Amino acid sequence: MALCLYNTLGRNVEPFTPLEPGKAGFYGCGPTVYNYAHIGNLRAYVLHDVLVRVLQRSGFAVTHVMNITDVGHLSGDNDEGDDKMVKSAEERGKSVLDVADFYTKAFFADTERLNIRRPAVVCRATEHIADMIALVKRIEAAGFTYAAGGNLYFDVARFPRYGDLALLRPAALRAGARTGADGNKRNPQDFVLWFTKSKFENQALVWDSPWGRGYPGWHIECSAMSLKYLGEQFDIHAGGIDHIPVHHTNEIAQTEAATGKHPCVKYWVHNEFLVLDRGKMSKSAGNFLTLQSLVDSGYEPLDYRYFLLGGHYRSQLQFSFEALDGARNARRSLREKIRALAEARNANNGNANNGNGTGREKAAAWRASFNRALEDDLNTPRAMAELWGLLRDSEVSPAAALEAVFDMDGALGLGLAEAAAESGREGLARGEAAEIEALVAERSAAKMAKDFAKADAIRNLLRERGIMLEDGGAGTVWRRAR
Ligand code: AMP
Ligand code: ZN
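### Brief notes about the coordination of the zinc ion (ligand 2)
Then, in step 1: Taken together, the protein donors to the zinc ion (ligand 2) comprise Cys29 (SG), Cys222 (SG) and His247 (NE2), at separations of 2.1 to 2.2 Å.
Then, in step 2: Sequence spacing of the donor residues for the zinc ion (ligand 2), all on one chain, is C-x192-C-x24-H. One end of the pair, Cys29, is in the loop between strand E3 (23–28) and helix H1 (39–57); the other, His247, is in helix H7 (residues 244–259), and 218 residues separate them in sequence. Of the two residues, Cys29 and His247, neither departs from the other in class, the shared state being buried.

### Considerations on the sheet that holds strand E8 (residues 191–195)
Hydrogen bonds along the backbone pair up the strands of a sheet, which may run parallel or antiparallel.
Then, in step 1: If you trace the four strands from one edge of the open sheet to the other, you get E6-E7-E8-E9, paired in antiparallel fashion. At either end of the open sheet lies a strand with only one pairing partner, and these are strand E6 (145–148) and strand E9 (215–216).
Then, in step 2: Bridge count for strand E7 (residues 151–154) against E8 is three bridges, and the pairing is antiparallel. Among the inter-strand pairings, Tyr153 is bridged to a residue of E8, identified as Val192.
Then, in step 3: The strands that helix H4 (residues 129–141) touches are E6, E7, E8 and E9; relative to E8, the one it contacts most, it runs at about 125 degrees.

### As for the sheet that holds strand E4 (residues 61–68)
Then, in step 1: In space, the five strands of this open sheet follow the order E5-E4-E3-E10-E11, with parallel pairing throughout. The open sheet has two edge strands with one neighbour each: strand E5 (121–124) and strand E11 (265–271). In this sheet, adjacent strand axes meet at a mean angle of 20 degrees when their direction is disregarded.
Then, in step 2: In the sheet, E3 pairs with E4 via six bridges, with the strands oriented parallel. Across the sheet, residue Gly25 finds its bridge partner in E4, namely Thr63.

### A few points about the nonpolar core
Then, in step 1: Core analysis: the biggest nonpolar cluster contains 137 residues, and Phe154, Tyr304 and Phe319 have the highest contact counts within it.
Then, in step 2: Those residues in contact with Tyr304 that lie beyond four places of it in its chain are Ile39, Gly40, Leu42, Leu114, Leu274, Leu291, Leu294, Phe319 and Leu324.
Then, in step 3: Formed by eight residues, the second largest nonpolar core is a distinct cluster that contains Leu439, Leu462, Leu469 and Trp478.

### Observations concerning the state of the cysteines
Then, in step 1: Evaluation of the coordinates by the stated rule reveals zero disulfides.
Then, in step 2: Cysteine Cys123 is unpaired, with the sulfur of Cys222 as its nearest cysteine sulfur at 8.2 Å.
Then, in step 3: Exposure remark for Cys123: the relative accessible area of 2% places this residue in the buried category.

### Quick notes on helix H2 (residues 84–92)
Then, in step 1: Buried within H2 are the following residues: Lys84, Met85, Val86, Ser88 and Ala89.
Then, in step 2: Where the residues of H2 are buried, they touch helix H3 (96–113).
Then, in step 3: N-capping of H2 is provided by Asp83, with a side-chain oxygen placed 3.0 Å from the backbone N of Met85.
Then, in step 4: Of the residues one or two after H2, Gly93 is the one with positive phi, at around 65 degrees.

About the cut-offs
Residues numbered from 1 in each chain as written. Chains lettered and ligands numbered in written order. Predicted model: local features only at pLDDT ≥ 70, side-chain atom pairs only at ≥ 80, totals over all residues. Heavy atoms only, no water. Donors = N, O, S within 2.8 Å, 3.2 Å for Na, K, Ca; no water. Helix = DSSP H or I, 4+ residues; strand = E, 2+ residues; numbered from the N terminus. Buried < 20%, exposed > 50% of the residue type's maximum accessible area, 1.4 Å probe, protein only. Pairing = 2+ DSSP bridges. Contact = heavy atoms within 4.5 Å. Axes fitted to C-alpha atoms, helices over the stretch in contact; angles between N-to-C directions. Core = buried A, V, L, I, M, F, W, Y, C linked by side-chain atoms within 4.5 Å. Disulfide = S-S within 2.5 Å. Polar contact = N/O pair within 3.5 Å; in protein donor to acceptor, adjacent residues only side chain to side chain.

Rendered as structure tokens:
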């Protein structure tokens, strides 16, 4: 079976066939860094991470691009409300860039704790203003803009496919729509490409442009940066479902108006929301849970990742501490089970057939059904059920089971290899584990630098000390030989 994804554009589950064989260009909308990410935002990034891992497992070389929004994002999607960055900087008595730096660092600290791998390209909006201006010029030259009240607007009436992604019918919308707060707009769906002397006299960051000194609208950054790093047409674009009707709809209009090519993105992947039992979580309203608040309540970040993987990304997921308790307990049993398997495997080391025997075929069957679940539109709950099925299968030998578990964890990112490694660490002198970790890290660095002689020398040194290394999808793990 080949990887299939639900494509919002067309509303179908489709086989994934990239524009260029063997490669996958992927753009995921990144955070607006005016505050900590809330646990709902983190749901989006765990999905992006799983998608990248699954694409890689399926053999694609992935280029993952993520933007960091540090300018232009208003609290209302339709060019209404406050500028989120400016408001946050004023409240904190800091500069916009200081606020952006602080929350960008906090964001990556969170994603790292969740085993979310860092995208190949992380690009900040404020560092791409020239690209945005160049793109707006192209859109203007193609005849899709008008100036009004000091701003430059995108004229949706000139773009007949406007709203295809969201199944919006512009004519119908126009008939029933209110004009909106911005009287400059010819149509309520028109949106700002470049602001000049419009609403925010206090905008801290402004740039010169052909339309006057000002700053970009929010949507243009994603078009400009995806064009720059992935080209005029690329494979996958992801974000939360809230982005379908405005942000992504506008991105398509901008990019395709400039390039004349359709579709700019082949597959649109959207995650449903995480909701609280007490309603919607909102960063701007301040009533939200962060990863750190879960840690402060005694959970580990990976308990939250486990909780998220237990829901399919296209279903709304209700967060509650009871549900998180369930995930924590399940993850605990999972790790105990893996530790026990590791003990059994280590005890078997040296036995004639090493306990691998017939169980290998059954383990391969579990692996195959696990892969099928993920290939079926990233069905992580089913994949986790297959993992548990494997662990409960007494016909699979410990060694074969562990090998399959580590392989599966390459997609799930639950740190399961570490759980197995813990089984071989009892009885080490204090400080010895840290010393071994340092040598393992040094060996990984040597391997990265293709210094295989050094890598082998470290492996031999550790073997002499009775430490065995295993290289797997999730990195190198070590254990004591028995
Ligand atoms: P923002 O930082 O507000 O630009 O949002 C970052 C990402 O989180 C976007 O892809 C949003 O669509 C997504 N998002 C926002 N709220 C939630 C939520 N409650 N559940 C899941 N995803 C969300
Ligand atoms: Zn975006």
